[in-house]
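Residues per chain, in single letters:
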Amino acid sequence: MTQSTPTHVLYLHGFRSSPQSNKARILEAAIQRRSQPDQPLTWACPQLPPSPDDALAVMLATVNDWPRDRMAVIGSSLGGFYATVLAERLGCPAVVINPAVAPARDLARYIGEQTHFHNPADRFFFRAEFIGQFEAMDPYPLPHPERYHALIAEGDEVLDWREMVAHYEGAAIKLLDGSDHAISEFTQYVDEVLGWLGLPSNKMGQSQP
């Protein structure tokens with residue numbers, strides 16, 4: 001990845017997920033360890049609303065005053081789709097983790113009342129009109145696949161890894177033998193993910209948690 005080393009990193013969670021997700025917390029801690037007084041790093045992980053249009057508005061508002069040549073976005077599952085939409089719109093690099101490449105198709109069966117994984121008491125309604133919003137923002141095929149690093153698990157029990165690979169042809173792809181949709185062993189890949197963005201391990205050489 002040849003663009004400028006980012007000073008601002010945005011993380012986008014998946015469907016029914018939140019900033020409390022395991023990957024979000026792992027990445028936030030890793031970013032904090034890499035942030036230095038003379039080289040501070042800005043981290044953001046907003047709660048995304050169920051509407052794709054509203055979610056995009058939240059993303060754009062979050063990065064509104066960020067330097068376009070010094071920002072990067074990371075997204076998992078549906079967040080990977082959103083990260084791709086944002087990267088194409090803003091021209092920034094992106095890391096996608098088991099990205100949902102066809103949410104208009106795959107999420108149609110979830111129309112109705114849903115709950116959040118990390119707070120089951122928090123309910124929301126996934127509306128039929130959201131499907132059209134996904135279709136309208138579909139970023140594929142990618143005009144600039146070199147902007148992307150894709151972490152894809154062959155053992156993903158939710159999404160088809162072959163479909164993900166096909167949608168990110170030309171990107172830097174890390175294909176995991178086995179694993180799962182959540183990539184439960186994600187701590188093993190944090191250095192690689194952030195390293196691709198140009199953020200090496202912190203100066204003290206501390207290991208990942």
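Residues numbered from 1 in each chain as written. Predicted model: local features only at pLDDT ≥ 70, side-chain atom pairs only at ≥ 80, totals over all residues. Heavy atoms only, no water.

As for the overall build of the protein
- In terms of helices and strands, the protein carries seven helices and eight strands.
- Computed over the C-alpha atoms, the radius of gyration of the protein is 16 Å, within 12% of the 17 Å expected from 2.2 N^0.38 for a compact globule of 209 residues.
- Principal axes of the C-alpha set define a box for the protein whose edges measure 50 × 35 × 35 Å.
- Looking at the protein as a whole, 51% of its 209 residues qualify as buried. (Helix = DSSP H or I, 4+ residues; strand = E, 2+ residues; numbered from the N terminus. Rg over C-alpha atoms; globule rule 2.2 N^0.38 Å. Buried < 20%, exposed > 50% of the residue type's maximum accessible area, 1.4 Å probe, protein only.)

Some details on the pattern of salt bridges
- Applying the stated rule across the entire model yields seven salt bridges.
- Salt-bridge contacts for R162 lead to D160; the nearest nitrogen and oxygen are separated by 3.8 Å.
- Residues K174 and E192 are paired through a salt bridge, measuring 3.6 Å at the closest nitrogen-oxygen approach. Remark: E192 occurs in helix α7 (residues 190-196) and K174 occurs in strand β8 (residues 172-176); sequence separation between them is 18 residues. (Salt bridge = Lys/Arg side-chain N within 4 Å of Asp/Glu carboxyl O.)

A few points about the confidence of the model for the protein
- Across the protein, the average pLDDT comes to 91, with 94% of residues at 70 or higher.
- Counting contacts from residues 203-209, a segment whose pLDDT is below 50, to residues more than four positions away or on other chains yields 13 contacts. (pLDDT = per-residue confidence, 0-100. Contact = heavy atoms within 4.5 Å.)

Digging into the packing of aromatic side chains
- If you walk through the whole model with that rule in mind, you get 11 aromatic pairs.
- Through pairs of rings, three or more aromatic residues link up here, namely F15, F81, Y82, Y110, F126, F130, F134, Y140, Y148 and Y168. (Phe/Tyr/Trp six-rings, centres within 6.5 Å; stacked < 30°, edge-to-face > 60°.)

Let's talk about the environment of G91
- One can find G91 in the loop between α3 (78-90) and β4 (94-97).
- Under the relative-accessibility criterion, G91 is labelled partly exposed at 25%.
- For the pair formed by G91 and M71, sequence separation is 20 residues and the distance between their alpha carbons is 9.6 Å.

Description of the pairing of β8
- Bridge count for strand β7 (residues 148-153) against β8 is five bridges, and the pairing is parallel. Across the sheet, the residue bridging to H149 is A172, located in β8.
- This β-α-β element, β7 to helix α6 (residues 161-167) to β8, shows right-handed connectivity. (Pairing = 2+ DSSP bridges. Right-handed = clockwise from strand over helix to strand, strands pointing away.)

Some thoughts on the pairing of strand β1 (residues 8-12)
- Counting buried positions over the five residues of β1 gives five, a clear majority of the element.
- Of the two faces of β1, the one lined by H8, L10 and L12 and the one lined by V9 and Y11 are each fully buried.
- Examined bridge by bridge, β1 and strand β2 (residues 42-44) share three bridges and lie parallel to one another. By the bridge assignment, L10 is partnered in β2 with A44.

Quick word on the side chain of H8
- Following the sequence through the fold, H8 ends up in strand β1.
- With a relative accessible area of 15%, H8 lands in the buried category.
- With residues near it in sequence (within four places) discarded, H8 still touches T42, W66, P67, R70, M71 and A72.

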